[in-house]
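# Structure assessment
The primary structure of each chain is shown beneath.
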Amino acid sequence: MSILDMLQQSGGIETMARELGINESVAQAGAAALLPSILGGFKKTTQAQPGGLEGLGGLLGQLGGGGLLDSVLAPQPTPVNQGNEILGQIFGSKEVSRTVAAGAEQQTGISGDLLKKMLPIVAMMVAGYMAKQGSGDSGNGGGLGGLIGGLLGGGSSASSGGLGGLASLLDMDGDGNPLDDIIGMAGKLTR
């Protein structure tokens, strides 16, 4: 099952659509276009953490853990400032977030302004979901590693930490860092 299916089943896509006043199919298309970049940001963040996946688990906890998904699903408006905090951690700058939204706009035809509103909500759903799934693991972060690998379709244990699927999905130039490719797209879009 893909992470998009999981977000759909959890009610996250439906909640986001209702909150933004859009059709659920538009919300799903937007989330599908934003997910690869968000997951790429988490992969890069994992690689940058001193403890790798354990460090990511700690970071997810600091950012709100499983409560992030609950915040999106709650009947109250989603506290998007938490989502923006996650985006700051995984992308490093608002410029990358804008680029991700612009890339998704080209891919889907959905307005960039709407995608910018979706981005923090989708990031919260993904972070909350990963935190909930990863918290069942004790010790070495293997649960979270397997989860990230599985979510990205790269769950083979031969790949580095189970993250191979994401790397190949996002890493256009094969250097092991998908974010530089996303930033490269930013340069092309702003020219």
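Structural notes, computed from the coordinates. (Residues numbered from 1 in each chain as written. Predicted model: local features only at pLDDT ≥ 70, side-chain atom pairs only at ≥ 80, totals over all residues. Heavy atoms only, no water.)

## Things to note about the overall build of the protein
When helices and strands are tallied, the protein shows eleven helices and zero strands. Along the chain direction, N to C, the helices and strands of the protein fall in the order α-α-α-α-α-α-α-α-α-α-α. Burial analysis of the protein (191 residues in total) assigns 49% to the buried set. Restricting to contacts in the protein with at least 6 residues of sequence separation, those with at least 24 account for 67%. Total accessible area on the protein is roughly 8400 Å²; 51% of this is exposed by carbon and sulfur atoms. (Helix = DSSP H or I, 4+ residues; strand = E, 2+ residues; numbered from the N terminus. Buried < 20%, exposed > 50% of the residue type's maximum accessible area, 1.4 Å probe, protein only. Contact = heavy atoms within 4.5 Å. Areas by Shrake-Rupley, 256 points an atom, 1.4 Å probe, with all protein chains shown as cover.)

## Regarding the nonpolar core
Membership of the largest hydrophobic core comes to 46 residues, with the highest contact counts inside it found for Leu34, Ile38, Phe42, Ile86, Val122, Met125 and Val126. Only helix H1 (3-10), helix H2 (12-20), helix H3 (24-48), helix H4 (53-63), helix H5 (67-73), helix H6 (80-91), helix H7 (94-108) and helix H8 (112-134) provide two or more residues apiece to this core. A total of 14 residues in this core trace back to one element, the largest contributor, which is H8. (Core = buried A, V, L, I, M, F, W, Y, C linked by side-chain atoms within 4.5 Å.)

## Points about the pattern of salt bridges
Any two side chains of opposite charge can pair, given that their charged atoms come close. Under the criterion given, the structure shown has four salt bridges. Linking Arg18 and Glu14 is a salt bridge whose minimum nitrogen-to-oxygen distance equals 3.7 Å. With Arg18 and Glu14 both in helix H2, this residue pair falls four residues apart, about one helical turn. Look at Glu14 and you get partly exposed, because its relative accessible area is 40%. Measuring nitrogen to oxygen at the nearest pair gives 3.4 Å for the salt bridge that ties Glu95 to Arg98. (Salt bridge = Lys/Arg side-chain N within 4 Å of Asp/Glu carboxyl O.)

## Here we look at H1
For H1, every residue scored as buried is listed here: Ile3, Leu4, Met6 and Leu7. The arc enclosing the buried residues of H1, seen along the axis, measures out at 160 degrees, which places them on a common side. Downstream of H1 by a residue or two, Gly11 has a phi angle that is positive, lying close to 95 degrees. (Arc of directions from axis to C-beta.)

## Examining the environment of Gly64
Of note, Gly64 is situated in the loop between H4 and H5. In this structure, the C-alpha to C-alpha distance between Gly64 and Gly83, residues 19 residues apart in sequence, is 9.8 Å.

## Digging into H3
The end-to-end C-alpha distance of H3 is 35 Å, a good match for the 36 Å that 25 residues give at a rise of 1.5 Å each. Measuring from the backbone nitrogen of Ser25 back to the side-chain oxygen at the start of H3 gives 2.7 Å, which picks out Asn23 as the cap. (Expected span 1.5 Å × (residues − 1). Polar contact = N/O pair within 3.5 Å; in protein donor to acceptor, adjacent residues only side chain to side chain.)

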